[in-house]
Amino acid sequence: MKHQHVSFKEYTMNNLSLPTNLADLIPQDNMARVVHDMLEGIPLETFLTFYKGGGTSSYHPKMMTKIILYAYTQKMYHGREIARQLEVHLPLMWLSGFQKPDFRSINRFRSEKSCERSKNA
């Protein structure tokens with residue numbers, strides 16, 4: 001045997017400790033923060049004109065817009081890809097508040113809400 005003493009950094013999968021605030025894991029210069037700050041500056045009333053009300057509750061329009069805009073900055077364009085990345089991509093998880101809209105919801109939001117914005121512009 002070549003080495004008499006081998007040591008490793010401690011590694012355990014059972015007692016992981018994460019920061020209490022996920023935002024602490026997102027660097028200050030990350031594009032997700034730019035998208036978040038930009039969308040938070042838009043009044044909610046701007047989005048409400050595109051909703052009739054009633055029916056099942058919808059995903060928050062600011063959240064949906066944030067994840068779509070951020071995904072575009074990361075060259076993610078397909079609804080299925082964005083939905084998959086919501087499971088593993090930390091900035092997207094943060095922007096979505098750990099909500100996981102499926103690809104149909106993402107595509108419906110993009111097509112219906114952007115078409116309505118174009119008509120009303």
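Above: the structure in question.
Note that the structure is predicted; figures quoted are calculated from it, not measured.

Participant: Describe a positive patch on the surface, naming the residues involved and giving the relevant values.
Facilitator: A cluster of basic residues, Arg80, Arg84, Arg104 and Arg108, forms a positive patch on the protein surface. Counting residues per element, the ones that place at least two in the positive patch are helix H4 (79-85) and helix H6 (103-120).

Participant: Break down the environment of Leu92 for me, citing the residues and quoting the values.
Facilitator: Assignment of secondary structure puts Leu92 in helix H5 (residues 90-96). Distance from Leu92 to Ala32, taken between C-alpha atoms, is 7.5 Å for residues 60 residues apart in sequence. Beyond its immediate stretch of four places on either side in the chain, Leu92 contacts Ile67, Tyr70, Met76, Ile82, Gln85 and Leu86.

Participant: So, helix H3 (residues 61-73): which residues are in play, and what are the values?
Facilitator: Between its first and last C-alpha atoms H3 spans 18 Å; for 13 residues at 1.5 Å apiece the expected length is 18 Å, and the two agree. Restricting attention to buried positions, one finds in H3 the residues Pro61, Lys62, Met63, Met64, Thr65, Lys66, Ile67, Ile68, Tyr70 and Ala71. After H3 finishes, the residue Lys75 shows a positive phi value of roughly 60°.

Participant: Help me get a handle on the nonpolar core, residues and values and all.
Facilitator: Nonpolar side chains tend to gather and get buried jointly when the protein is soluble and globular. Ranked by internal contacts, the top residues of the largest apolar core, which has 23 residues, are Met64, Ile67, Tyr70, Leu92, Trp94, Leu95 and Ile106. Where this core is concerned, the elements lending two or more residues are helix H1 (31-40), H3, H4, H5 and H6. Residue contributions to this core peak at six residues, all from H3. Those residues in contact with Met64 that sit more than four places away from it in its chain are Tyr59, Pro101, Ser105, Ile106 and Phe109.

What counts as what
Residues numbered from 1 in each chain as written. Predicted model: local features only at pLDDT ≥ 70, side-chain atom pairs only at ≥ 80, totals over all residues. Heavy atoms only, no water. Patch = residues over 30% accessible without salt bridge, like charges linked within 9 Å, V, L, I, M, F, W, Y side chains within 5 Å. Areas by Shrake-Rupley, 256 points an atom, 1.4 Å probe, with all protein chains shown as cover. Salt bridge = Lys/Arg side-chain N within 4 Å of Asp/Glu carboxyl O. Lys, Arg positive; Asp, Glu negative; His and termini not counted. Charge placed at Lys NZ, Arg CZ, Asp CG, Glu CD. Helix = DSSP H or I, 4+ residues; strand = E, 2+ residues; numbered from the N terminus. Contact = heavy atoms within 4.5 Å. Expected span 1.5 Å × (residues − 1). Buried < 20%, exposed > 50% of the residue type's maximum accessible area, 1.4 Å probe, protein only. Core = buried A, V, L, I, M, F, W, Y, C linked by side-chain atoms within 4.5 Å.

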